Amino acid sequence: MGRYHRRMNRHVLLLAACLLPLTACAREACTPQVKDGWVQLMPGGMPMQAGFGRIDNPCPMPVTIVSASSPAYGSVELHESKVIGGVNRMREVPELRIAPDGAAVLQPGGLHLMLMQPKATLTPGSRVAVVFKLKDGGELLGEFEARKPAP
């Protein structure tokens, strides 16, 4: 290999070494976001409520949610409702993968949060924090507003 090529290889390696921390920082700075979060208040003080909203992943890598929790509830689970054979069925979703530049929509009749054993009575306008645990060990904090059920 000629002296020119050895010098070019050194410059390429040096450039790559300089850029590597920048790409790592860019990856760390990219964070999914919870938007338009709301909790449907149930009549009669039922021991569970449902949470809805949108989780956007603007990052170039997929993100996977593996669990959720909230200081306002004894238990938080991610569920999905589907009509199977004419019957509405609900099941827990163990992981929710959100593609790069994708979103997960939590809505009535589809994906949603089951918020069980409320620790206090919520009123319309109350704010609830939900922490989503990510597969990579990170966390995503979402804020949900309590709302009355639609008439």
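Note that this is a predicted model, so its numbers are computed, not measured. (Residues numbered from 1 in each chain as written. Predicted model: local features only at pLDDT ≥ 70, side-chain atom pairs only at ≥ 80, totals over all residues. Heavy atoms only, no water.)

> How would you sum up unusual backbone geometry? Please name residues and give values.
Here Asp101, not a glycine, exhibits a phi torsion of approximately 55 degrees, which is positive. For Asp101, a relative accessible area of 62% gives the class exposed. Its identity as a non-glycine residue notwithstanding, Gln117 has a phi of 55 degrees, on the positive side. Tracing the sequence through the fold places Gln117 in strand β8 (residues 111-118). (Buried < 20%, exposed > 50% of the residue type's maximum accessible area, 1.4 Å probe, protein only. Helix = DSSP H or I, 4+ residues; strand = E, 2+ residues; numbered from the N terminus.)

> Before we move on, can you summarise the nonpolar core with the specific residues and values?
The biggest cluster of nonpolar side chains holds 26 residues, and the ones touching the most others in it are Ile55, Leu113, Phe132 and Phe144. For this core, the secondary structure elements donating two or more residues are β1 (33-40), β3 (63-69), β4 (73-84), β6 (96-98), β7 (102-106), β8, β9 (127-134) and β10 (139-147). The element best represented in this core is β9, accounting for 4 residues. Not counting chain neighbours up to four residues away, the residues in contact with Leu113 comprise Gln49, Ala50, Gly51, Val76, Glu77, Leu78, Leu106, Val130, Phe132 and Phe144. (Core = buried A, V, L, I, M, F, W, Y, C linked by side-chain atoms within 4.5 Å. Contact = heavy atoms within 4.5 Å.)

> An account of the pattern of salt bridges is needed here, citing residue identities and associated values.
This model, assessed by the stated rule, comprises 7 salt bridges. Residue Arg127 is joined to Glu145 by a salt bridge in which the shortest nitrogen-to-oxygen separation is 3.8 Å. Of this pair, Arg127 sits in strand β9 while Glu145 sits in strand β10, placing them 18 residues apart in sequence. Glu145 gets classed as partly exposed once you look at its relative accessible area, which sits at 26%. Residue Lys133 is joined to Glu139 by a salt bridge in which the shortest nitrogen-to-oxygen separation is 2.3 Å. Residues joined in a network through salt bridges with shared partners are Lys35, Arg54 and Asp56. (Salt bridge = Lys/Arg side-chain N within 4 Å of Asp/Glu carboxyl O.)

> Outline the pairing of β8, listing residues and values.
Where burial is concerned, most of β8 is hidden: 6 out of the 8 residues are buried. As defined by bridge partners, strand β2 (residues 48-57) adjoins β8 across 4 bridges and the pair is classed as antiparallel. Paired with Ala50 across the strands is Met114, a residue of β8. In terms of strand pairing, β4 meets β8 through 7 bridges, oriented antiparallel. Bridge assignment links Glu77 to a residue of β8, and that residue is Met114. (Pairing = 2+ DSSP bridges.)

> Which residues make up the state of the cysteines, and what are the values?
Per the stated rule, a full pass over the model turns up 1 disulfide. With a sulfur-sulfur separation of 2.1 Å, Cys30 is cross-linked through a disulfide to Cys59. The S-S bond linking Cys30 to Cys59 shows a torsion near -110 degrees; that makes this disulfide left-handed. Highlighted residues: Cys30 in the loop between α1 (3-29) and β1 and Cys59 in the loop between β2 and β3, separated in sequence by 29 residues. The buried category is assigned to Cys59, whose relative accessible area is 8%. (Disulfide = S-S within 2.5 Å.)

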